Amino acid sequence: MTTETEKKPDRIVGVLGALFGLFLYYVWIAVLMAILFTFFAEPNAMGAFIVEFSQMVQVWLSAGMLPVFITLGYHLFARDTMPEAERLLGRAGLAASASGFLLWLLVLAALEVSGVAVEYPYYVAGGYVFMLILGVFFWKTWSRGV
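Below, the structure is looked at part by part. (Residues numbered from 1 in each chain as written. Predicted model: local features only at pLDDT ≥ 70, side-chain atom pairs only at ≥ 80, totals over all residues. Heavy atoms only, no water.)

### Regarding the overall build of the chain
And step 1. Check the secondary structure of the chain and you find 5 helices and 2 strands.
And step 2. When the helices and strands of the chain are placed in sequence order, the string is α-β-β-α-α-α-α.
And step 3. Relative to the globule expectation of 15 Å for 146 residues, the C-alpha radius of gyration of the chain, 19 Å, shows a markedly less compact shape.
And step 4. Dimensions of the chain, computed from C-alpha atoms along their principal axes, come out at roughly 70 × 30 × 20 Å.
And step 5. Within the span of the chain, comprising 146 residues, buried residues form 30% of the whole.
And step 6. For the chain, the computed accessible surface area is about 9,300 Å², with 72% contributed by carbon and sulfur atoms.
And step 7. On the chain, the mean spot of the 8 positive side-chain charges and the mean spot of the 10 negative ones are 14 Å from each other. (Helix = DSSP H or I, 4+ residues; strand = E, 2+ residues; numbered from the N terminus. Rg over C-alpha atoms; globule rule 2.2 N^0.38 Å. Buried < 20%, exposed > 50% of the residue type's maximum accessible area, 1.4 Å probe, protein only. Areas by Shrake-Rupley, 256 points an atom, 1.4 Å probe, with all protein chains shown as cover. Lys, Arg positive; Asp, Glu negative; His and termini not counted. Charge placed at Lys NZ, Arg CZ, Asp CG, Glu CD.)

Here it is in structure tokens:
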């Protein structure tokens, strides 16, 4: 067996893992919308339901979980075929995306409480940049032990 045919199943498993993560993300969105419309929606004068919830936090709860779920799905599917060093770096990426999501969520909640409004593309892009910075930091830190 050549190295090209050995790498092809690994790629397929990785792609299936990312697609599984995307599926988990859509399940998360459905659960999030169900929670928002169950507990935070109120009808307006026209009878349409309006969700009375922080826009920054609401958008980050949906957009910020995308890298977390894709990384989780990839790691769940491809971890058995990865070498140990790559598996450790995959865990670092998963930890960086999850902790970056939570820390940026706290930042946005603090901004909301203090009354500071940030434009839409900036708080989403800011969260992704924060995840990226944490990812580089975790990968550098965790790869020293390998």
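### Section: the packing of aromatic side chains
And step 1. Using the criterion set out here, one finds 11 aromatic pairs in the structure.
And step 2. Consider the rings of Phe40 and Phe53, whose centres lie 4.7 Å apart with planes at 55 degrees: the pair is tilted. Here Phe40, found in the loop between α1 (3-39) and β1 (41-43), pairs with Phe53, found in the loop between β2 (49-51) and α2 (55-63); they are 13 residues apart in sequence, far enough to count as distant.
And step 3. Taking the relative accessible area as the measure of exposure, Phe40 reaches 32% and is therefore partly exposed.
And step 4. The exposure class assigned to Phe53 is partly exposed, which follows from its relative accessible area of 29%.
And step 5. Ring centres of Trp60 and Phe101 lie 5.9 Å apart, and the angle between their planes is 20 degrees; on these two criteria the pair is classed as stacked. (Phe/Tyr/Trp six-rings, centres within 6.5 Å; stacked < 30°, edge-to-face > 60°.)

### Brief notes about the nonpolar core
Generally speaking, a soluble globular protein has its nonpolar side chains buried in company with each other.
And step 1. Grouped together as the largest cluster of nonpolar side chains are 20 residues, with contacts concentrated most on Trp60, Leu61, Met65, Phe101, Leu105, Leu108 and Tyr123.
And step 2. Those elements that provide at least two residues to this core are α1, α2, α3 (65-78), α4 (84-114) and α5 (120-143).
And step 3. In terms of residue count, α2 provides more of this core than any other element does, 6 residues in total. (Core = buried A, V, L, I, M, F, W, Y, C linked by side-chain atoms within 4.5 Å.)

### Observations regarding the pattern of salt bridges
Two side chains bearing opposite charge may form a pair once their charged atoms approach each other closely.
And step 1. Following the criterion strictly, the structure yields 1 salt bridge and no others.
And step 2. Linking Glu84 and Arg87 is a salt bridge whose minimum nitrogen-to-oxygen distance equals 2.8 Å. Of this pair, Glu84 and Arg87 both sit in helix α4, 3 residues apart, roughly one helical turn.
And step 3. Overall, the relative accessible area of 49% leaves Glu84 in the partly exposed class. (Salt bridge = Lys/Arg side-chain N within 4 Å of Asp/Glu carboxyl O.)

### Remarks on the environment of Ala98
And step 1. Structurally, Ala98 can be placed in helix α4.
And step 2. Judged by its relative accessible area of 28%, Ala98 falls in the partly exposed class.
And step 3. For the pair Ala98 and Leu108, spaced 10 residues apart in the sequence, the C-alpha separation amounts to 15 Å.

### Focus: α5
And step 1. With 24 residues, α5 extends 35 Å between its outermost C-alpha atoms, agreeing within 8% with the 34 Å of an ideal straight helix rising 1.5 Å per residue.
And step 2. For α5, the full list of buried residues reads Tyr123, Val124, Gly126, Gly127, Met131, Leu134, Gly135 and Phe138.
And step 3. Contacts made by the buried residues of α5 are with α2, α3 and α4. (Expected span 1.5 Å × (residues − 1). Contact = heavy atoms within 4.5 Å.)

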